[in-house]
Amino acid sequence: MHLLSQLNPQQRRACEITEGPVLVLAGAGSGKTRTLTYRIAYLIKELGVAPEAILAFTFTNKAAQEMRDRVEALVGAAVRSMWLGTFHAVAARILRQEIAVMGYGPRFGIYDAEDARNLVREILREMGLDDKKWPPAQLLSHISRAKNAFLTPDDWSDASFFGRRVQEVYARYQERLRALNALDFDDLIFLTVQLFDRFPEVLARYHRRFQYVLVDEYQDTNLAQYRLIRQLAAGHRNLCVVGDDDQSIYGWRGADVRNILEFQREFPDATVIRLEENYRSTGNILAAANAVVRNNRERLGKELWTRKEPGERISVYEAPDENAEAWQAAQIVGLAVQQGIKPSECAILYRTNAQSRAFEMALSRVGLGYRLVGGKRFYERKEVRDLVAYLKVVYNPLDDLALLRIINFPRRGLGEVALERLAAYQRERGIALYQTLGEAEAVAGLSPAGQRAAQELCELFGHWRAVAAEGDLAQLVRTVAEESGLLPLYQREGTSEAEDRLENLGELISEARRFQIEQGTADLGDFLSWVALVSEWDQTDQRSDGVWLMTVHSAKGLEFPLVVLAGLEEGIFPHARAFDEPSGLEEERRLFYVAVTRACRRLVLMHAKTRIVQGRAQSNPPSRFLTEIPEELLEPLDFVRPREGAKVERGATCFTLGETVTHPRFGRGTVVATRGEGEDTEVTIAFPGGGVRSFLAKYAQLIKEA
DNA sequence: TCCACGGGCATTTTT
DNA sequence: TGCCCGTGGA
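Our subject in this report is the structure included herewith.

Thresholds applied
Going along each chain's sequence as written, the residues are numbered from 1 onward. The lettering of chains begins at A and the numbering of ligands begins at 1, in the order of writing. Given that this is a predicted model, residues contribute local features only at a pLDDT of at least 70 and side-chain atom pairs are listed and counted only at 80 or more, while totals for whole chains, interfaces and linings are drawn from all residues. For the side-chain quantities, the full set of heavy atoms in the structure was used; hydrogens and water were omitted. In this description a helix means any DSSP run of H or I spanning at least four residues, a strand means any run of E spanning at least two, and both kinds are numbered starting from the N terminus. In this description, contact between two residues means that some pair of their heavy atoms is separated by no more than 4.5 Å. What makes two strands pair is DSSP finding at least two bridges between them. Whenever a helix is involved, its axis is fitted only over the stretch in contact; in every case the axis is a line through C-alpha atoms, and angles between N-to-C directions fall within 0 to 180 degrees. Roughly parallel covers angles under 35 degrees, roughly antiparallel covers those over 145, roughly perpendicular covers 65 to 115, and oblique covers all other angles. Two helices crossing with the near one rotated counterclockwise from the far one by less than a right angle form a left-handed crossing, whereas a clockwise rotation gives a right-handed crossing. Here the term charged refers only to Asp, Glu, Lys and Arg, the term nonpolar to Ala, Val, Leu, Ile, Met, Phe, Trp, Tyr, Cys and Pro, and the term polar to all other amino acids, Gly among them. For every residue, the accessible area (1.4 Å probe, protein chains only) is compared with the maximum for its type, and the residue is labelled buried under 20%, exposed over 50%, or partly exposed between those bounds. By arc we mean the arc of the directions from the helix axis to the C-beta atoms, nothing more. Definition of a polar contact: a pair of N or O atoms within 3.5 Å, with one able to donate and the other able to accept a hydrogen when the atoms are protein atoms, and with sequence-neighbouring residues admitted only if both atoms are side-chain atoms. His residues and chain termini do not enter the charge count, which takes Lys and Arg as positive and Asp and Glu as negative. Salt bridges, as used here, are contacts in which a Lys or Arg side-chain nitrogen is within 4 Å of a carboxyl oxygen on Asp or Glu. Here a Phe, Tyr or Trp ring, Trp counted by its six-membered ring, pairs with any other such ring whose centre lies within 6.5 Å, and the pair is stacked when the planes are under 30 degrees apart, edge-to-face when over 60, and tilted otherwise. Working rule: Lys NZ or Arg CZ, within 6 Å of ring centre, within 35 degrees of ring normal, means a charge sits over the ring.

Section: the side chain of T282
Right, so step 1: Within the secondary structure layout, T282 lies in the loop between β8 (271-275) and α12 (283-293).
Right, so step 2: Each residue touching T282, except ones within four places of it in the same chain, is listed here: T306, K308, E309, P310, G311, C600 and R601.

Describing the sheet that holds strand β12 (residues 547-551)
Right, so step 1: The sheet built from 7 strands is open, its strands ordered β11-β12-β10-β13-β14-β9-β17 with parallel pairing. Strands with a single pairing partner mark the edges of an open sheet, and in this sheet they are β11 (370-372) and β17 (634-636). Going across the sheet, the axis of each strand differs from the next one's by a mean of 25°, ignoring polarity.
Right, so step 2: Bridge count between strand β10 (residues 346-350) and β12: 4 bridges; the pairing is parallel. From the neighbouring strand, Y350 faces β12, where its bridge partner is T551.

Quick notes on the packing of helix α20 (residues 473-483) against helix α22 (residues 496-519)
Right, so step 1: It is at 8 Å that the axes of α20 and α22 come closest, and there the two elements cross at 165°. It follows that α20 is roughly antiparallel to α22 by the angle criterion. Where α20 crosses over α22, the handedness of that crossing is right-handed. In contact with L473, A474, V477, R478 and A481 of α20, α22 contributes I509, A512, R513, F515 and Q516.
Right, so step 2: Grouping the constituent residues of the contact of α20 with α22 by class yields 7 nonpolar, 1 polar and 2 charged.

Points about the sheet that holds strand β6 (residues 212-215)
Right, so step 1: If you walk across this open sheet you meet the 6 strands as β3-β2-β6-β7-β1-β8, and the pairing is parallel. Only two strands of the sheet have a single partner each, and these edge strands are β3 (83-86) and β8. For this sheet, the mean inter-axis angle between neighbouring strands, taken without regard to orientation, is 15°.
Right, so step 2: By the bridge criterion, 4 bridges tie strand β2 (residues 54-58) to β3 in an arrangement that is parallel. Opposite L55, over in β3, you have W83 as the bridge partner.
Right, so step 3: Seen against the sheet, helix α1 (residues 9-16) touches β1 (22-26) and β8 and runs at an angle of roughly 145° to β8.

Let's talk about α1
For the α-helix, the turn length of 3.6 residues means that residues three or four positions removed from each other point alike.
Right, so step 1: Buried within α1 we find Q11, A14 and C15. For α1, the buried positions fall inside an angular range of 100° around the axis, keeping them on one side.
Right, so step 2: Lining the buried residues of α1 we find β1, α2 (32-46) and β8.
Right, so step 3: Near the N-terminus of α1, the side chain that reaches the backbone nitrogen of Q10, with its oxygen 3.0 Å away, is that of N8.

Focus on the side chain of D186
Right, so step 1: Locating D186 in the fold gives a position in helix α8 (residues 185-198).
Right, so step 2: Although buried, D186 forms no salt bridge, and the nearest oppositely charged side chain, K147, lies 5.5 Å from it.

Here's the deal with the pattern of salt bridges
Right, so step 1: Under the defined criterion, the tally for this structure stands at 43 salt bridges.
Right, so step 2: Close ionic contact of E114 with R385 constitutes a salt bridge, the shortest N to O distance being 3.4 Å. A residue pair is termed long-range when its members are at least 10 positions apart, and E114 in helix α5 (residues 113-127) and R385 in helix α15 (residues 382-395) qualify at 271 residues.
Right, so step 3: With relative accessibility at 22%, the residue E114 sits in the partly exposed group.
Right, so step 4: With a shortest N-O distance of 2.8 Å, K302 and D244 are connected by a salt bridge. One end of the pair, K302, is in the loop between α12 and β9 (314-319); the other, D244, is in the loop between β7 (239-243) and α11 (258-266), and 58 residues separate them in sequence. In this structure, K302 and D244 share a single accessibility class: buried.
Right, so step 5: Each of K32, D216, E217, D220 and K556 takes part in salt bridges that share partners, so that together they form one network.

Thoughts on unusual backbone geometry
Right, so step 1: Following F409, the chain continues into P410 via a peptide bond in cis, with omega recorded as -5°.
Right, so step 2: Along the polypeptide, P410 turns up in the loop between α16 (400-406) and α17 (416-429).
Right, so step 3: Look at the link from F573 to P574: it is a cis peptide, with omega at 10°.
Right, so step 4: You can see P574 is positioned in the loop between β13 (560-565) and α25 (582-596).

Quick word on the packing of aromatic side chains
Here the distance between the centres and the angle between the planes together describe a pair of aromatic rings.
Right, so step 1: One pass over the structure, following the stated rule, counts 21 aromatic pairs.
Right, so step 2: Measuring from ring centre to ring centre gives 4.8 Å for F59 and Y250, while their planes differ by 55°; the resulting arrangement is tilted. Taken as a pair, F59 in the loop between β2 and α3 (61-75) and Y250 in the loop between β7 and α11 lie far apart in primary sequence, 191 residues in all.
Right, so step 3: Taking relative accessible area as the criterion, Y250 reaches 10% and is therefore assigned buried.
Right, so step 4: Site record: aromatic cluster; members linked through ring pairs are W83, F196, Y206 and F210.
Right, so step 5: One Lys or Arg, R227, reaches over the ring of F150 and ends 4.0 Å from the middle of that ring.
Right, so step 6: Geometry around F59 places K556 over its ring, the cationic atom sitting 5.2 Å from the centre.

So, in structure tokens, the structure goes:
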């Protein structure tokens, strides 16, 4: 029993009750991941269960990786054969094996949000609808909701004008996906559940294989995921789910807290274990979190406690505007770093990604590095998507959408006219666009040059397919990047923008190599699944030490000694979009609870009197969540002086020639010219090595040093 | 066919 | 503010 000796009694119970259904209600910081990790280790090491017989679901790839590492540390490399991943990744893996009976080819593509949007846009064009009046993203969210409720287009019952349109888009969308041999994120789960429903013998095979099923972040599962869990656990019923109803923050994505209640109805014999001792935060931080979340009605009821000291009180800072807020946050972190804390032990959290910019500027100004989670992601870069599109066609020639993206990029003389001819030919025969390339000679009205271009492209793809068969993924990606003309195109250009793109393409090649080594497979389909399903987390730069900048959603599951939570105003956090229904507000409150419980020792809460939102100034009262914290836990924050103690004037509009000022992005420089006055002052600054630039003073946020 | 410009619009959270 | 798209000019 050595293995479990480091756990508290409840945690230990959660590990030892391996047979039958178990529901672990684990509060924030109560050692949830630790418990799950030990449970797996216990199964393997103490009970001799084969790792292949264990299936574990996590919510993010990052969590999966972390859990794998931690289990490996306990039991060794044997865990590699355990199935552990996100619902989407596991479903994709099952479908690669089994999808044929569902009428798709095994080499299906996976469409991410942008692919799906493009497809919907194309459908709208076909239907003659304006994508301004029918925003693709909104249509897709309806479609997604339908899929999560297991409604096919035929099951659609909303007969309103709007509803019928959505239904038609949905129907066409599914039709097109099938023709493209592609699945969107929801399809991965939806189809797996359907597969198991229709083919019990297939499900039985997985029952035999997976003796133990574990689910992390259970409160964030949606109905479809819940059904999948239920199916997989139906055989042996050795199911352990771990969750916290107070941390359910994905309702907008269909997650349903009621799955926790449902679990107890479905498995009345389930053992319920509560983990309520918090090991992370000081008493004051915990008291604040408890006090706020207590205002929610829809909860199971749970009260975290700690043996720790109350610790410091929680600081509250009211900033004049969002730039001052960011500036102050940077100062606080800077001071803490001076006192010996590592930058990576500090996090600045906010509600929406759009808030990050001010912090980025403020931190660079103070000379602190940062790591930004979210925002523009690697796989969303144009050049990366282009190269991936080539790979998608190599893998799945039915993917017209991917082919269309790159058919004339880099330019190869297949312009609008040629495409129209190819499309006409394609429509006539009902074949994939790719096939028309090979039959270019037969395409009526296609110019000889167009024919040649099409043929050449077709041969290239044939060649790449042969390279793919050789089984060296990185080599394949490099070859495609080279021979498609993407790499040469940017090499020729020589601008700094082209440099960036080259670097990104190179990065994708490196990713392929890394994937091949770490995942032990060179299969293009596996790689493309991975590309489609990796969260941004996996893409953040792990090398540099820096302050963390991220949304509260991204921060779930993490902890930091120092947390600055910013933007606590009505309309921002809670977000204005959540005001409509009480459940929306409760979710915001849970989100706030998640944010507060990230902090170990020190928590700073900030709000701004005015803030520019969507280019317009807003004044919002402080967030209601601030007022829900008992006053004795709070203390107003004294303005933290800048580090050099210099007198500083922000947002100045009056300058003297030759004066030294600091620009948030470009750093220090010398004023060489001014024009206009007051609000309209335009100031020209020379930066050492950075050139000469002009700014409108009211926007530039220049800082004067006296 | 390409680029420059300008107007209009935007921001919830992510697999 | 900044990004994206459409327009218009070269």
